[in-house]
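Structural overview for review
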Amino acid sequence: MNSDTDLERSALAHYLEILWRRKLLVIVGLIIVPVVALAITLRQTAVYASTDNVLLNRQNLVDVVSGAQASNNSQPGDLSRDATTQSDLAMSPDVAALALSKAGLSGVETPTQLLTAASVTPDANADILYFKVEDHSPSRASQLAASFAAAYVAYRQQLDTTSLRLAEQEVAKRIAELGSSRSSSGLYSSLVAKQQELLTLQVLQTSNATVVPTLLTATKVRPKPVLDAVLGAVLGLVLGLAAAFAAEGLDTRLRTVDQVEQLLGARVIGSIPRLPRRLADGGLPFMITAPRGQPAEAFRLLRATLSLSLPAKPVSLMVTSPEPGDGKSTIASNLAVALASGGKRVVLVDADLRWPQLARIFDLPPSPGLLDVALERATLRSVLHRVDFAEAAAPNGRPDSADGANRRSSSASSWLGEGSLHVLPAGQVPPGLGDFFTLDHAKRIAGLLLGQADIVIYDAPPILHVNDAIALGSIVDYQLFVIKLQKLRRGTVKALRRAAELSPARSLGFVLNRTDTITSYAYAYGYRSGPVERLVTASAE
């Protein structure tokens, strides 16, 4: 029972999350549709309706006068069918033409136009027909409704008395044929009596339909701005909700870590928050320039997580991402500093030969690098750049003064530990570079680097754009993926999973970069007193 309740709450929370994320579509629907409906309503010409009633008399007075027995076996269905028949009869063109004649509008409006604006509805519980006419003029609507009801009564009387009138005319003709002998003839007396009876029946037939007097006051039926605005709001809400869920269904972006873990088949081992602009715009890794900030704490947590996954022997690690701009170079640089500050001997290699970034990040001068070692134009020892944390933390890479340098060195030494960091830049990249990491030179250099360090980190190119990262996977031991959740889509994750499976390196998991919220306890705990500020600005590659 509790499980079902939890599922219902989870589903409700999921729907509410979708509505909050797509609230703009719902708000637009709630605003635009009622405004459009109200604008259309206000542009419409007012329409008035007037109703007149006609009572149907179901008693056959002809049978009463003539002494015939009336039938009392009428069923409710027969009565309803008779009322429907009479309403259809009232909507005939002959009745409409007669109504226009009575209203004095024969040449102004056609019977078809009147029938379009009129309706005749039988009452479900009474023998009454409701004659309703709509018109732009309230007075003319009342006039046409009254004329329409009266025309139906006259037309009904005409139909009911037609046979009697024809019979009376035939009797009158026979009386006229008898001539002068009519006074002494018994036939004449009989015909005269019959004629009087037929005339009486014609008079009695007029009571089969009677106009019921009503207050002929026309009421406004259209437009109704308030009702139309309310209906527009309801329709706008429905359309907004439909658009919100449709947009969510068509959106292939991933929103949660659970979605990424499920599609990628790997786990989250770190989450790096967005950087404040003062750190994002800086060149050096913020693990050097701001070692006590919240982003630095995130990398210490990542370092602790990796220490549980990596063996005690020297290993190599490739840091890559699905696409450019995910922040892999930033993650690789700061992770290298974090590992070195924890006492590890770290070598950071710029393996993104098509777009090298480490020389810029660490402010290295133009110098030989990885490719120069492979081409035997330089030795490995000569191209490795040792990063001095004390000097790197100083403005422009140099201490302001001797005292300032001593203070920084003392502070850095007490916090950074005995580890070291060396950076191997890409070097001079020749045009038309081929598959470098498939060559024996690359494998030889990788082996030499493992002999110099506890961990070698390769800043690899995006794995979905070039094959260098997959080729590098045959050289390194582990691979780590950097993902920017805000731009990640399902197709990208599926392609990333296929690429990761092709790589021989073992996957450690993935790191979320530039997350919007701080969810870890380690992020919220700081060295400064006072509230922790939310990080909302974007970081740089």
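Residues numbered from 1 in each chain as written. Predicted model: local features only at pLDDT ≥ 70, side-chain atom pairs only at ≥ 80, totals over all residues. Heavy atoms only, no water.

1. Observations regarding the overall build of the chain
Each helix and strand counted, the chain has 23 helices and 13 strands in total. Expressed as a percentage of its 541 residues, the buried residues of the chain come to 40%. In the chain, the share of contacts with a sequence separation of at least 24, taken over all contacts with a separation of at least 6, comes to 82%. (Helix = DSSP H or I, 4+ residues; strand = E, 2+ residues; numbered from the N terminus. Buried < 20%, exposed > 50% of the residue type's maximum accessible area, 1.4 Å probe, protein only. Contact = heavy atoms within 4.5 Å.)

2. Remarks on the packing of helix H2 (residues 23-43) against helix H9 (residues 225-250)
The geometry of a pair of packed helices is captured by two quantities: the angle between their axes and the separation between those axes. Here H2 crosses H9 at 150°, and the two axes come no closer than 7 Å. H9 is crossed by H2, and the crossing has right-handed handedness. Of the residues in the contact of H2 with H9, the class split is 18 nonpolar, five polar and one charged. (Axes fitted to C-alpha atoms, helices over the stretch in contact; angles between N-to-C directions. Left-handed = near helix turned anticlockwise from the far one by under 90°. Nonpolar A, V, L, I, M, F, W, Y, C, P; charged D, E, K, R; others polar.)

3. A short note on the packing of aromatic side chains
For the structure shown, the criterion picks out three aromatic pairs. Ring centres of Tyr 15 and Phe 245 lie 6.0 Å apart, and the angle between their planes is 75°; this geometry places the pair in the edge-to-face category. A residue pair is termed long-range when its members are at least 10 positions apart, and Tyr 15 in helix H1 (residues 2-21) and Phe 245 in helix H9 qualify at 230 residues. Taking relative accessible area as the criterion, Tyr 15 reaches 45% and is therefore assigned partly exposed. Ring plane angle 40° and centroid distance 5.5 Å describe the contact between Phe 131 and Tyr 152, whose orientation is recorded as tilted. Of this pair, Phe 131 sits in strand E3 (residues 128-135) while Tyr 152 sits in helix H7 (residues 138-178), and the two are 21 residues apart along the sequence. Owing to a relative accessible area of 0%, Phe 131 belongs among the buried residues under this scheme. Positioned over the ring face of Trp 20 is Lys 23, at 4.2 Å from the centre of the ring. (Phe/Tyr/Trp six-rings, centres within 6.5 Å; stacked < 30°, edge-to-face > 60°. Lys NZ or Arg CZ within 6 Å of the ring centre and 35° of its normal.)

4. As for empty space enclosed by the protein
Counted under the stated rule, the structure contains two cavities of 30 Å³ or more. Every residue along the wall of the largest cavity is listed here: Leu 370, Phe 436, Phe 437, Ala 442, Ile 445, Ala 446, Tyr 458, Leu 472 and Ile 475. Ranked by the residues each element gives to the lining of the largest cavity, the list is headed by helix H20 (residues 440-450), at three residues. In terms of residue class, the lining of the largest cavity is made up of nine nonpolar, no polar and no charged. What the second largest cavity holds in volume is close to 30 Å³. Surrounding the second largest cavity, Pro 322, Glu 323, Asp 326, Lys 484, Lys 487, Leu 488 and Thr 492 form its lining. Classifying every residue of the lining of the second largest cavity gives two nonpolar, one polar and four charged. (1 Å grid on protein atoms, 1.4 Å probe; cavity = no way out; pocket = protein on both sides within 12 Å on 5 of 7 lines; lining within 4 Å. Points joined across faces, edges and corners; volume = space filled by probe spheres on them.)

5. Concerning the environment of Leu 25
Its location among the elements puts Leu 25 in helix H2. Between the C-alpha atom of Leu 25 and that of Ala 247, which follows or precedes it by 222 residues, the distance is 9.1 Å. Once you skip the residues sitting within four places of it in the chain, Leu 25 turns out to touch Gly 240, Ala 243, Ala 244 and Ala 247.

6. Thoughts on the nonpolar core
Counting residues in each nonpolar core, the largest one holds 46 residues, and the members touching the most others are Phe 437, Leu 449, Tyr 458 and Leu 472. Sequence-distant contacts of Phe 437, that is, excluding residues within four places in its chain, are made with Ala 351, Leu 353, Leu 370, Ala 442, Asp 468, Ala 471, Leu 472 and Ile 475. Counting 39 residues, the second-largest nonpolar core is a separate cluster that includes Val 319, Ala 336, Leu 348 and Val 423. (Core = buried A, V, L, I, M, F, W, Y, C linked by side-chain atoms within 4.5 Å.)

7. A short note on the packing of helix H10 (residues 257-264) against helix H22 (residues 490-502)
In contact at an axis separation of 9 Å, H10 and H22 are set at 40° when each is read in the N-to-C sense. The orientation of H10 with respect to H22, classified from their angle, is oblique. Where H10 crosses over H22, the two elements pack in a sense that is right-handed. Across the interface between the two elements, Gln 259, Val 260, Gln 262, Leu 263 and Leu 264 of H10 pack against Arg 490, Val 493, Leu 496 and Arg 497 of H22. Taken together, the residues of the contact of H10 with H22 break down into five nonpolar, two polar and two charged. (Parallel < 35°, antiparallel > 145°, perpendicular 65-115°, else oblique.)

8. Examining the environment of Leu 115
By the secondary structure assignment, Leu 115 is in helix H6 (residues 111-117). Residues contacting Leu 115, with those up to four places away along its chain left out, are Met 91, Ser 92, Pro 93, Ala 96 and Phe 148.

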